[in-house]
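One letter stands for each residue in the lines below.
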Amino acid sequence: MLNRGEKGAMVYEPDFLRVAPGDTIRFVATTPGHNARTIAGLAPNGAVEIKTALGETADVVAATPGIYGIKCSPHYAMGMVMMIAVGEEADPGAVVLPEGLPRRAGERLEEIIAENRK
Ligand SMILES: [Cu+2]
């Protein structure tokens with residue numbers, strides 16, 4: 001979680017991860033003031049919500065296969081989002097983004113989908 005990265009201000013690096021179900025994912029508070037939360041409507045059915053404390057490094061486990069959209073609560077409107085694909089079958093290209101996303105967040109998610117679709 002960074003104030004500035006290769007793709008601009010307020011970013012996760014990397015902005016896409018593919019993991020196996022049950023893997024531990026560490027969100028590292030490289031710069032302060034960021035967190036990681038599931039974007040409503042952008043997670044597999046039945047998935048446990050991802051929610052880390054502001055400004056703290058935290059480990060989360062994504063057990064349910066599928067695509068998870070992740071946002072930083074304070075910087076969502078600035079487009080601080082990332083995507084996690086859990087399982088080999090999970091295809092970002094099959095995702096339908098929920099309505100009403102902040103414009104910049106929607107743009108970055110579309111970029112992540114375009115770069116990582118199967
Ligand atoms: Cu942030």
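Residues numbered from 1 in each chain as written. Predicted model: local features only at pLDDT ≥ 70, side-chain atom pairs only at ≥ 80, totals over all residues. Heavy atoms only, no water.

Chemist: Explain the UniProt feature "domain: Blue (type 1) copper" (unreviewed entry) in the protein here, please?
Modeler: Mapped onto this numbering, the UniProt entry annotates "domain: Blue (type 1) copper" (unreviewed entry) at residues 2-86. Split by type, residues 2-86 is 0% helix and 40% strand. Its first and last C-alpha atoms lie 23 Å apart. (UniProt positions renumbered as here; feature names shortened; annotations may be inferred. Helix = DSSP H or I, 4+ residues; strand = E, 2+ residues; numbered from the N terminus.)

Chemist: What am I meant to see in the coordination of the copper ion here?
Modeler: Each donor-metal-donor angle would ideally measure 109.5 degrees in four-coordinate tetrahedral geometry, or 90 or 180 degrees in six-coordinate octahedral geometry. Surrounding the copper ion are the protein donor atoms His-34 (ND1), Cys-72 (SG), His-75 (ND1) and Met-80 (SD), at 2.0 to 2.6 Å. With four donor atoms in place around the copper ion and angles of 91 to 129 degrees between them, the coordination shape is tetrahedral. Read in sequence order, the donor residues for the copper ion give the motif H-x37-C-x2-H-x4-M. Of the two residues, Cys-72 and Met-80, both sit in the buried class. (Donors = N, O, S within 2.8 Å, 3.2 Å for Na, K, Ca; no water. Tetrahedral: all angles 85-135°; square planar, octahedral: opposite > 155°, others 65-115°. Buried < 20%, exposed > 50% of the residue type's maximum accessible area, 1.4 Å probe, protein only.)

Chemist: Help me out: how do you make sense of the pairing of strand β1 (residues 2-5) in this one?
Modeler: Every regular strand shows the same layout, with side chains that alternate between the two sheet faces. Bridge analysis of β1 against strand β2 (residues 8-11) gives three bridges, and the strand direction is antiparallel. Paired with Arg-4 across the strands is Ala-9, a residue of β2. Hairpin connection between β1 and β2: a loop of two residues separates the two successive antiparallel strands. (Pairing = 2+ DSSP bridges.)

Chemist: Explain the packing of aromatic side chains to me, please; I cannot follow it from the model alone.
Modeler: In this description, a pair of aromatic rings is defined by centroid distance and the angle of the planes. Overall, the coordinates contain one aromatic pair when judged by the stated rule. A centroid spacing of 6.1 Å and a plane angle of 75 degrees characterise the contact between Tyr-12 and Phe-27, whose relative ring orientation is edge-to-face. Here Tyr-12 is found in the loop between β2 and β3 (16-19), whereas its partner Phe-27 is found in strand β4 (residues 24-27), with 15 residues between them in sequence. You can call Phe-27 buried: its relative accessible area is 4%. (Phe/Tyr/Trp six-rings, centres within 6.5 Å; stacked < 30°, edge-to-face > 60°.)

Chemist: Help me out: how do you make sense of unusual backbone geometry in this one?
Modeler: Note: most residues except glycine have negative phi, and most peptide bonds are trans. Omega for the peptide link from Glu-13 to Pro-14 comes to -5 degrees, which places this bond in the cis form. Mapped onto the secondary structure, Pro-14 falls in the loop between β2 and β3. One non-glycine residue, Met-10, lies in the positive phi region at around 55 degrees.

Chemist: Explain helix α1 (residues 103-116) here, please?
Modeler: Each α-helix winds once per 3.6 residues, and so residues spaced three or four apart point in a common direction. When the terminal C-alpha atoms of α1 are compared, their 20 Å separation across 14 residues agrees well with the 20 Å that a helix rising 1.5 Å per residue should span. In the core, the buried residues of α1 are packed alongside β2, β3 and β8 (81-86). (Expected span 1.5 Å × (residues − 1). Contact = heavy atoms within 4.5 Å.)

Chemist: I keep staring at the UniProt feature "binding site: Cu cation" (unreviewed entry) in the protein and nothing clicks. Help me out?
Modeler: Look at the UniProt record and you will see "binding site: Cu cation" (unreviewed entry) annotated at His-34, Cys-72, His-75 and Met-80. The greatest C-alpha distance among the residues just named is 9.2 Å, despite their covering 47 residues of sequence, which places them together in space. With respect to the element layout, Cys-72 can be found in the loop between β7 (66-71) and β8. In this structure Cys-72 comes out as buried when scored by relative accessible area, which is 0%. Checked against the element boundaries, His-75 lands in the loop between β7 and β8. Every residue in contact with His-75, bar those within four places of it in the chain, is listed here: Met-10, Gly-33, His-34 and Met-80. A polar atom in the side chain of His-75 sits 3.1 Å from the side chain of His-34. (Polar contact = N/O pair within 3.5 Å; in protein donor to acceptor, adjacent residues only side chain to side chain.)

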